[in-house]
Amino acid sequence: MNEKQKYGQKGEDLACKYLKKHGYKIVERNFHCPLGELDIVAIHKGVLVFIEVKARNTLKYGRPAEAVDEYKQQKLQRLAEMYINLNNKIDKKARFDVVEVLGDEVNLIQNAWTL
């Protein structure tokens, strides 16, 4: 695992800790399929939540959440649809959250966009 991957893993660990503290039940981490990967899948207040984690050390390239552009959102939506179909969650309400990690600071953006 290279340094970038290690930092990303640390960011996901911090995100999971934060989410659990705020009432999220983590269902799955790092869901892989041929289309790509979902960082975290959770349940929050009865809603299926797909969470993208972005971690950075500095603001040199902007806020971490800014990296979740329209292209990335569309890719995550396709991944979420595949997850929903594979796991028979068609009847569940779903949303997308973003967790940005900047150093040790964690910021949750709920309902960043909808499915």
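For every chain, the first residue of the written sequence is number 1, and numbering continues from 1 along that sequence. Totals for whole chains, interfaces and linings use all residues, but because this is a predicted model, local features are given only for residues with pLDDT of at least 70 and pairs of side-chain atoms are given and counted only at 80 or more. Values reported for side chains reflect all heavy atoms of the structure, with hydrogen atoms and water molecules removed beforehand.

1. Overview of helix H2 (residues 70–86)
Put simply, the rule reads: A helix here means a DSSP run of H or I that spans at least four residues, while a strand means a run of E at least two residues long, and both kinds are numbered starting from the N terminus. Each residue after the first adds 1.5 Å to the expected span of a helix. Remark: exposure states derive from per-residue accessible area (1.4 Å probe, protein chains only) relative to the maximum for the residue type, with buried under 20%, exposed over 50%, and partly exposed in between. What the arc measures is the spread of directions leading from the helix axis to the C-beta atoms.
Here H2 is 17 residues long and its end C-alpha atoms lie 24 Å apart, about the 24 Å a rise of 1.5 Å per residue gives. Listed as buried for H2 are Leu-76, Leu-79, Ala-80, Tyr-83 and Ile-84. Taken around the axis of H2, the buried residues stretch over an arc of 140°, which confines them to a single face. For H2, exposure combined with an orientation more than 90 degrees from the buried face picks out Glu-70, Tyr-71, Asn-85 and Leu-86. Among the residues trailing H2, Asn-88 stands out with phi positive, at a value near 50°.

2. A closer look at the packing of aromatic side chains
As a reminder of what qualifies: The criterion for an aromatic pair is that two Phe, Tyr or Trp rings (for Trp, the six-membered ring) have centres within 6.5 Å, with stacked assigned to planes under 30 degrees apart, edge-to-face to planes over 60 apart and tilted to the rest.
Following the criterion strictly, the structure yields four aromatic pairs and no others. Centroid distance Phe-31 to Tyr-83: 4.9 Å. Interplanar angle 90°. Geometry classified as edge-to-face. One end of the pair, Phe-31, is in strand S1 (residues 25–33); the other, Tyr-83, is in helix H2, with 52 residues separating them in the sequence. Grouping residues by exposure puts Phe-31 and Tyr-83 together as buried. A centroid spacing of 5.6 Å and a plane angle of 35° characterise the contact between Phe-50 and Phe-96, whose relative ring orientation is tilted. With a gap of 46 residues between them, Phe-50 in strand S3 (residues 47–56) and Phe-96 in strand S4 (residues 94–102) connect regions that are remote in the sequence. Grouping residues by exposure puts Phe-50 and Phe-96 together as buried. Feature note: the residues Phe-31, Phe-50, Tyr-83, Phe-96 and Trp-113 constitute an aromatic cluster, connected by ring pairs.

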